[in-house]
Every structure is written in C-alpha cells, then in structure tokens.
Amino acid sequence: MRYLKLLVISFVFVLAIWFSRASSAEKFIEPAKQDKCPVCGMFVYKYPNWIAQIIFKDGLYAVFDGPKDMFKYYFNISKYGKNKTKEDIAKIYATEYYTTEKVEAKDVYFVVGSDVYGPMGEELVPVKGRKEAEAFMKEHKGGKILTFEQITPADVSGAMKMQEMPEHDKRH
C-alpha cells in the first residue's frame, strides 16, 4: 500500500512538472543579454521594439532582432534550428509596432515594403488589426498587407526589393 502511495505521488509530481514546463513553453521569454539572432548574429536585447521569437515545445527558444529574420529561420528551420522542425514549434511571437507588446504572430498583420526600417534595414512590420495595418501601410508607403499564414519566402526576400523600387512602381 505504501508503495502505491509513493508511486501515485511520484506520478502526480512528474505530471505537475511536465504541465508547468508545457505551459511556460508557450509564454514569451524575455531575451537575455547574451541571446543572439541565429540568422544574423546580432544581440537582440538592444532592439526590444523589434523582437520576434519562436518557442519550441521542449521549452527552448530562438529569438530574433525582427520578424524578417524570424521568417528566414521559419522557412529554413533545418539550416538554423539544430534538429528542430516546424512541428516542434509551440508559439511564435512578434512585437506589435504601435504598442510594442509581444503578441502571437498569427494575431497580427505584416506590412511588407514600408519606409519603416528595423535593426537590419527593411522589415516586415507587425501591426495588430486590419484597419491599423491599412492606416500604417498608407502612412508609411507599404507595399502589401499579409497574415502570418500568407507570407512566403518570396515575400521575405521581396520585402527588401520592394523598398528599392521607385514610388510609382510599388504594387499591392
């Protein structure tokens, strides 16, 4: 009987630890001073208004100096992610442009090709709300508005090329 109690207590303890790790694996993790963007190598803590983050189910994370590098990583995870796959991802965060809040990337629109630059130049700017994204695009000469699911590798590299086009050649 005593053995059974010990077994049940151990099982409950293991479950509690597992659930606490699983739930904390989904919360935004404040980057440490030594955290570098795995794509460009920049220290990300210097750019709190641009931070993007991928959190994995095992509690590990990758942090970026902006959404552009986060998408480069996401679309080429085998190159940057040390044995990680997209299936290993628990949450993806971006810093919303106007509020600088860390929000789930699926909950914002990304404005591509605007005149707003991040730490590495041209950037995919995360804006919460369709109307706000449209206003941002108009005010900052953006090229197009996309959801997380709509962004392709061509959009990530295209964001950089759109900025070089003359004003009258920019297309939505």
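Analysis parameters
- Residues numbered from 1 in each chain as written.
- Predicted model: local features only at pLDDT ≥ 70, side-chain atom pairs only at ≥ 80, totals over all residues.
- Heavy atoms only, no water.
- 1 Å grid on protein atoms, 1.4 Å probe; cavity = no way out; pocket = protein on both sides within 12 Å on 5 of 7 lines; lining within 4 Å.
- Points joined across faces, edges and corners; volume = space filled by probe spheres on them.
- Nonpolar A, V, L, I, M, F, W, Y, C, P; charged D, E, K, R; others polar.
- Core = buried A, V, L, I, M, F, W, Y, C linked by side-chain atoms within 4.5 Å.
- Buried < 20%, exposed > 50% of the residue type's maximum accessible area, 1.4 Å probe, protein only.
- Helix = DSSP H or I, 4+ residues; strand = E, 2+ residues; numbered from the N terminus.
- Pairing = 2+ DSSP bridges.
- Axes fitted to C-alpha atoms, helices over the stretch in contact; angles between N-to-C directions.
- Contact = heavy atoms within 4.5 Å.

Caption draft 1: Structural context of the layout of surface pockets. A volume near 200 Å³ is recorded for the largest pocket. If you trace the largest pocket, you find it lined by Pro38, Phe56, Gly59, Leu60, Tyr61, Ala62, Tyr73, Tyr80, Gly81, Lys82 and Lys84. In the lining of the largest pocket, the residues fall into seven nonpolar, two polar and two charged.

Caption draft 2: Just the nonpolar core, in detail. Ile54, Phe64, Met70, Phe71, Ile92, Phe110 and Phe148 are the most contacted members of the largest nonpolar core, which totals 30 residues. Among the secondary structure elements, those contributing two or more residues to this core are β1 (52-56), β2 (61-64), α2 (67-75), β3 (89-95) and β5 (109-112). One finds Val116, Val125, Ala133 and Met137 within the second-largest nonpolar core, a separate group that totals nine residues.

Caption draft 3: The pairing of β3, seen in detail. For β3, a buried count of six out of seven residues is recorded, marking the element as mostly surrounded by other parts of the structure. Hairpin remark: β3 followed by strand β4 (residues 102-104), antiparallel, with six residues in the connecting loop; positive phi at Thr100, about 55 degrees.

Caption draft 4: Structural detail: the sheet that holds strand β9 (residues 144-147). Strand order in this open sheet of three strands is β8-β5-β9, and the pairing throughout is antiparallel. Two strands lie at the open edges of the sheet, namely β8 (125-127) and β9, each paired on one side alone. Looking at each pair of strands side by side, their axes are set apart by 35 degrees on average, direction ignored. The pairing of β5 with β8 spans three bridges and is antiparallel.

Caption draft 5: Geometry of the environment of Val111. Looking at the element boundaries, Val111 is found in strand β5. What makes Val111 buried here is its relative accessible area of 0%. Residues Val111 and Lys144 lie 33 residues apart in sequence; the distance between their C-alpha atoms is 5.8 Å. Sequence-distant contacts of Val111, defined by excluding residues within four places in its chain, comprise Glu123, Leu124, Val125, Val127, Ala133, Phe136, Met137, Gly142, Lys144 and Ile145.

Caption draft 6: Expanded view of unusual backbone geometry. In this structure, Lys82 is a non-glycine residue whose phi angle is positive, near 35 degrees. With respect to the secondary-structure elements, Lys82 resides in the loop between α3 (77-80) and β3. Classification of Lys82 by relative accessible area gives exposed; the value is 74%.

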